[in-house]
Amino acid sequence: MQYEKLITKKTTRSVSIAGSKVASVRINNSLTTVARAFEYDKIGVFAANGVCDEVSLLDQAQCNLKQGIPYPCRLAADLHRSEDYSAPVIADDELVERCKALVSRLNQAYPEYIFSNKINTEHIDVSYSNSSNTSYGYKGSNLLISLCIKSKDSANIMDLSYGDYCLGYNEDIVVSDIGKLLAVYKNKLEISEDLPVLIPASELEIALGDVVAEKYMSGAGLFAGKLGQKIFDSKLNVEVNRRPGNKRNLPFFDAEGTVLSGDSFPVVQEGVLCGLLTNRRSAVKYGLPLSGNANAEFDAVPSPGIGGIRVVPGSRALKDAVGGKAIYVAVTSGGDMTPSGDISLPVMLAYLYEDGKLIGTLPQFTITGNIFDVLGGNFICAAENDVFEGVDETLIASKFTINK
Amino acid sequence: MVRFRQGYYADVRIEDRFTTTVRYRNGSLEECRSSSVKKAFIRVYDGDMWYYSSTDNVDDIQGELNKLYAVATANFHVYGDLVIQKLQVHDKTRLRFAENCVKDIPVERKRAVLAEHFAPFAANEHVKMSSALYSDRYSLYEFYSSKGSKIKYDYQLCGAVFNATLSDGTNSFDNRCDFIAQNFEDLAVTDEAVSDMIAEGDNFMLNAKPVVPGEYPVILSPEVAGVFAHESFGHKSESDFMIGDETMRKEWTIGKAVGSEMLSIYDSGLVEGSGYVPYDDEGTLAGKVYLIKNGVLSGRLHSASTAVDLNEEVTGNARAINCGYEPIVRMTSTIIEAGDKTKEELFAGVSHGYFIKTYKHGSGMSTFTIAPALAYEIVDGKIGSPVKIAVVCGNVFETLNLIDGLSNEVVVHSSVTGGCGKMEQFPLNVAFGGPYVSISKMNVS
């Protein structure tokens, strides 16, 4: 019998803001230990919360081999690595006061608006080891700023949002960034339908299910038969990013200890679909490379997820690549895609963008377009958001149909 | 159980959650696990701020409570605080599922619920991938407060979900069907239902045509009508969005006409199914709250804090997805009441429009959206060809006024997968339902 073990310690501090006031603070401490036993290409899993007897845990995992769940073993051998990015963004005992200070400044600077939702810190300490003498360790910390903003004269649940996962915190930048949204919020402009549209790359995650190996190899799905083909614009690159120190606090190894060469895996390279999302089971089954996408909730058998996938920003600045005005999509609601790849995305709030700045808001509309056009013939660029200093996200610039 | 300290309000919520997950892909077992996770969530209030702790060390709840006392500030008038006054006190045990607990069902029987129904997948050449999921949950909740509440109750749901990924080499489509029950013995999976799901998905995959984006009359199935109620109006009824907001209070005055006169929507934690919540996570007894009665705004959903803020009463809607989170205002079972037309009469009123039969997901802000799975054209009052629709959406208030017909039977839809998401908390078990609902105009794309 062989085995692997994953221990995850997580500490979260979560400050809740309601009605422009710090209302509560929550402390979550969790410790999870998962043991997986392998024998004759079968897997047995057992997990425990809190402090546990690891020998007993392994015995239970071995006992669960009797379920007869097929799973390849193929453990990595004789590898060791650890990374430490655990310096806290904000010290735990300072978080409430720092949040109160931020909210106070926002209330003073923008008295016509109501602020709510969350500011969280997270510290993780994850270790992986197996019976083939491999061990990995990762410690990381990040901060999540997630603010909902509402004009006091609005009857909406919320009007705007601001925030991101980040590895640093500067109160001045947050106040300044929110100022960029609010200074022109009440400058109502007409929409010009022929302008390019800027949307967060995360909005196109609805297509990612079709690059998961099982779906792709079934012959169904949007990209069936297109592996190795150029299906998107040459400027489009998509990868799995497990580089240590990433803002999402992802360890450099996945839930079954896969470490990628260069800590990344190409999914789309210069418009060519070149990789599928796999875990150990699907990689072995279909003879595909590991993409570092094994996911495993608590005591689950690992399955492929979409963690770490990102559109790679190009080297050109957004304002230069767009070269003029564009529609900056700020808040969307519940978009989706048909089986043919037709996307429809209702836009609750959009700004007119010019030269890296927001200059006014636009009426509500819905954008539509086919995924192969949006990322193909109509694609302009993927670039870092150049509007905000405190938001580290990739925007996609492309042409869509605007439906008012 | 714990020693509460004077000068603070405190409560402790404990959940012992048992779950089973069995999953097959293409007939091969991929997952088979049963877990029990016991966690506690502790709250302390000092009249100024709430202090929360989530712990899996349930043997030392007192220690966690003491840590919160240490960072809060003692306030010997805290029981005079209006929020604390709103919190109910109950000393009640309400165990409904202990005698028929899914914990006591051998896992072999749970596997058989799925494995006995794989034959329909093999019978269709277009099925490229199949998956089947069995999921159950039994939760035993305990709640203790420094005001004297001692509550113990349970929750149970089980279900099976079958999914077919269909392709003819050019087109593809995923279709699914689910079977839900509160007791395992009531879970009724049939080959016929699985076969019907595959056949309908196959027809959709082969024949669905694109839709021309625009505004059309739409009829929603009871399942989709439920999502519509949840997304369009349910979220707007969650009062935490109104804290410190004068405009919202004026806009949402009780008694204001907000929709068609035939429309009544209520939320209740007492409805059987995935929205069954007899006590909320502040220990408030569930009731039935009309959000809209005959087109008029009649109520909203509250925690103790929002009830004080709006000078109203608690409703049993302070909920958390598990003991990792604090309770916030959430729905339970949100249901549109029946109208007086037959389903056939409703369809007969549409010369050209769309019927939304099932959905993938929905969302709701000032505009609500529903992403359909199965949708059909309606031509001269009859269901016609399948159509590919990415999203139907509309402005909440405009759409509520455009409801022009309700059928006379209500179906409540429960789910063992997914649930409602709000901010960081997803998924929360909720249910929703309604009759067939006719809307004279919606944005379809």
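Computed from a predicted structure; not experimentally measured.

A. Layout of helix α5 (residues 191-207) of chain B. Residues and elements named next belong to chain B. With 17 residues, α5 extends 24 Å from end C-alpha to end C-alpha; this agrees with the ideal 24 Å at 1.5 Å per step. Of all the positions in α5, only V194, M197, I198, G201, D202, F204 and M205 are classed as buried. The buried side chains of α5 occupy one side of the element, clustering within an arc of 165° when seen end-on. Residues of α5 that are buried sit in contact with α4 (119-122), β5 (127-145), β6 (150-167), β7 (172-181), β19 (375-379) and β20 (382-388).

B. Region of interest: the nonpolar core. The biggest cluster of nonpolar side chains holds 89 residues, and the ones touching the most others in it are L114, F121, Y134 and F162 of chain B. Ranked by residue count, the leading element in this core is β6 of chain B, at ten residues. Ignoring sequence-local partners within four residues, the contact set of Y134 of chain B consists of T20, T21, V22, V102, K110, V113, L114, C158, G159, A160, F184 and L187 of chain B. Membership of the second largest hydrophobic core comes to 69 residues, among which are I119, L143 and C381 of chain A together with V44 of chain B.

C. The arrangement of the interface of chain A and chain B in detail. In this assembly, 66 residues from chain A lie in contact with 62 residues from chain B. Three residues, R26, Q67 and I157 of chain A, lead the burial of chain A against chain B; their summed loss comes to 13% of the area buried on that side. On inspection of chain A and its partner chain B, the count reaches ten salt bridges. One salt bridge connects E326 of chain B with K118 of chain A, and the closest N-O pair in it is separated by 2.5 Å. The tally of links between chain A and chain B comes to 30 residue pairs in polar contact (both at pLDDT 80 or more). Counting residues per element, the side of chain A that touches chain B draws most heavily on strand β2 (residues 21-39) of chain A, which supplies eleven residues. Its residues assigned to classes, the side of chain A that touches chain B shows 23 nonpolar, 29 polar and 14 charged.

D. Structural context of the domain arrangement of chain B. Residues and elements named next belong to chain B. By domain assignment, chain B separates into domain 1 (9-207) and domain 2 (214-444). One C-alpha centre belongs to domain 1, the other to domain 2; they are set 22 Å apart. In this complex, domain 1 contributes 43 residues to the contact, which on the side of domain 2 involves 41 residues. Regarding the contact of domain 1 and domain 2, the summed buried area is about 3,700 Å², with carbon and sulfur atoms giving 58% of it. Ranking the residues of domain 1 by area buried against domain 2 places R13, K86 and F204 at the top, with a combined share of 19%. The interface formed by domain 1 and domain 2 includes 17 residue pairs in polar contact (both at pLDDT 80 or more). For the side of domain 1 that touches domain 2, the residue count by class is 19 nonpolar, ten polar and 14 charged.

Rules used in this analysis
- Residues numbered from 1 in each chain as written.
- Chains lettered and ligands numbered in written order.
- Predicted model: local features only at pLDDT ≥ 70, side-chain atom pairs only at ≥ 80, totals over all residues.
- Heavy atoms only, no water.
- Helix = DSSP H or I, 4+ residues; strand = E, 2+ residues; numbered from the N terminus.
- Expected span 1.5 Å × (residues − 1).
- Buried < 20%, exposed > 50% of the residue type's maximum accessible area, 1.4 Å probe, protein only.
- Arc of directions from axis to C-beta.
- Contact = heavy atoms within 4.5 Å.
- Core = buried A, V, L, I, M, F, W, Y, C linked by side-chain atoms within 4.5 Å.
- Buried area = accessible area lost by both parts, 1.4 Å probe.
- Salt bridge = Lys/Arg side-chain N within 4 Å of Asp/Glu carboxyl O.
- Polar contact = N/O pair within 3.5 Å; in protein donor to acceptor, adjacent residues only side chain to side chain.
- Nonpolar A, V, L, I, M, F, W, Y, C, P; charged D, E, K, R; others polar.
- Domains from an automatic or database assignment.

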